[in-house]
Amino acid sequence: MKTINEKFPQFTKQAVVTLEPGKEFATLTNSDIAGKWTVFFWWPLDFTFVCPTEIISFNEHFEEFAKRNVNVIGASIDSEHVHLAWRKSHPGLKGLKFPMVADTSKSLSEELGILEAVNKIAYRATFIIDPEGTIQ
């Protein structure tokens, strides 16, 4: 697993950024988090019973992160389309203020060392990344 003082891997991933029709998706890369502190957290799969509580909690504290100029990004191995469907169907996820990254290739999960070997599902993990892209 990537750990303190290691560089967060390079990535280019699709994400759900809003529920506004026609603007739901965006491509996120390392340049979107450069120069700011970032909390990048993972959950195993969408539509599970525990995951929404963690995601909703991050959202409830989003303004505190924003006051400190900190990015918040959530991710799982599900697609951006699954993320969108989950956000639309779950009352607590409809108002998310941060992107939900889709690691469908599982490449970022694998590079971070959080991909479970047998079922190829990402573990729960949280990475705090400094403005230079180093995990703290």
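Structural data are supplied above this passage.
Here we summarise the structure given alongside this text. Treat the numbers as computed from the prediction; the structure is a model and nothing was measured.

### Here we look at the environment of Lys13
Argument step 1. Topologically, Lys13 is positioned in strand β1 (residues 12-16).
Argument step 2. Along the sequence, Lys13 and Ala26 sit 13 residues apart, while their C-alpha atoms lie 8.4 Å from each other.
Argument step 3. Lys13 has contacts with Ala26, Thr27, Leu28, Val101, Ala102, Asp103, Ser105, Ser107 and Leu108, leaving out every residue within four places of it along the chain.
Argument step 4. Of note is the side chain of Lys13, whose polar atom sits 2.7 Å from the side chain of Asp103.
Argument step 5. Looking at Lys13, its side chain comes within polar contact range of the side chain of Ser107, at 2.9 Å.

### Brief notes about the pattern of salt bridges
Argument step 1. Within the structure shown, the criterion is met by six salt bridges.
Argument step 2. Across the salt bridge formed by Arg124 and Glu54, the nearest N and O atoms sit 2.8 Å from each other. Of this pair, Arg124 sits in the loop between α4 (107-112) and β6 (125-129) while Glu54 sits in helix α1 (residues 51-60); the two residues are 70 residues apart in sequence, bridging distant segments of the chain.
Argument step 3. The salt bridge involving Lys67 is made with Glu64; its shortest N-O contact spans 3.3 Å. Of this pair, Lys67 and Glu64 both sit in helix α2 (residues 62-67), three residues apart, roughly one helical turn.
Argument step 4. Judged by relative accessible area, which is 64%, Lys67 ranks as exposed.
Argument step 5. What you see here is one network of salt bridges that share partners, running through Glu64, Lys67 and Arg68.

### Brief notes about helix α3 (residues 80-89)
Argument step 1. Three or more residues of α3 are buried, namely Glu80, His83, Leu84, Trp86 and Arg87. Down the axis of α3, the smallest arc covering the buried residues is 165°, so these residues share one side.

### Considerations on the packing of aromatic side chains
The relative placement of two aromatic rings is captured by the distance of their centres and the angle of their planes.
Argument step 1. All chains considered together, the criterion is met by 11 aromatic pairs.
Argument step 2. Plain terms: the ring middles of Phe41 and Trp43 are 5.6 Å apart, the flat faces sit at 45° to each other, and that makes the pair tilted. With respect to class, Phe41 is no different from Trp43; both count as buried.
Argument step 3. An aromatic cluster of at least three residues, connected via ring pairs, comprises Phe41, Trp43, Phe47, Phe58, Phe65, Trp86 and Phe98.

### Section: the sheet that holds β6
Argument step 1. Taking strand neighbours across the sheet as the criterion, the six strands line up as β2-β1-β5-β4-β3-β6 in an open arrangement whose pairing is mixed. Every other strand in the sheet has two partners, leaving β2 (25-29) and β6 as the edge strands with one partner each. The sheet shows a mean angle of 30° between the axes of neighbouring strands, taken without regard to direction.
Argument step 2. Across three bridges, the pairing between strand β4 (residues 70-76) and strand β5 (residues 100-102) is parallel. Residue pairing in the sheet places Ser76 in a bridge with Ala102 of β5.
Argument step 3. Contacting β3 (37-42) and β4, α1 runs over the sheet at an angle of about 160° to β3.
Argument step 4. Of the strands in this sheet, β1, β2, β4 and β5 are in contact with α3, which crosses β5 at around 150°.

### Let's talk about the side chain of Asp130
Argument step 1. By the element assignment, Asp130 lies in the segment after β6.
Argument step 2. One buried charged residue, Asp130, remains without a salt bridge, the closest side chain of opposite sign being Lys7 at 5.5 Å.
Argument step 3. At 3.0 Å, the side chain of Asp130 forms a polar contact with the side chain of Gln136.
Argument step 4. Not counting chain neighbours up to four residues away, the residues in contact with Asp130 comprise Lys36, Trp37 and Gln136.

Calculation criteria
Residues numbered from 1 in each chain as written. Predicted model: local features only at pLDDT ≥ 70, side-chain atom pairs only at ≥ 80, totals over all residues. Heavy atoms only, no water. Helix = DSSP H or I, 4+ residues; strand = E, 2+ residues; numbered from the N terminus. Contact = heavy atoms within 4.5 Å. Polar contact = N/O pair within 3.5 Å; in protein donor to acceptor, adjacent residues only side chain to side chain. Salt bridge = Lys/Arg side-chain N within 4 Å of Asp/Glu carboxyl O. Buried < 20%, exposed > 50% of the residue type's maximum accessible area, 1.4 Å probe, protein only. Arc of directions from axis to C-beta. Phe/Tyr/Trp six-rings, centres within 6.5 Å; stacked < 30°, edge-to-face > 60°. Pairing = 2+ DSSP bridges. Axes fitted to C-alpha atoms, helices over the stretch in contact; angles between N-to-C directions. Lys, Arg positive; Asp, Glu negative; His and termini not counted.

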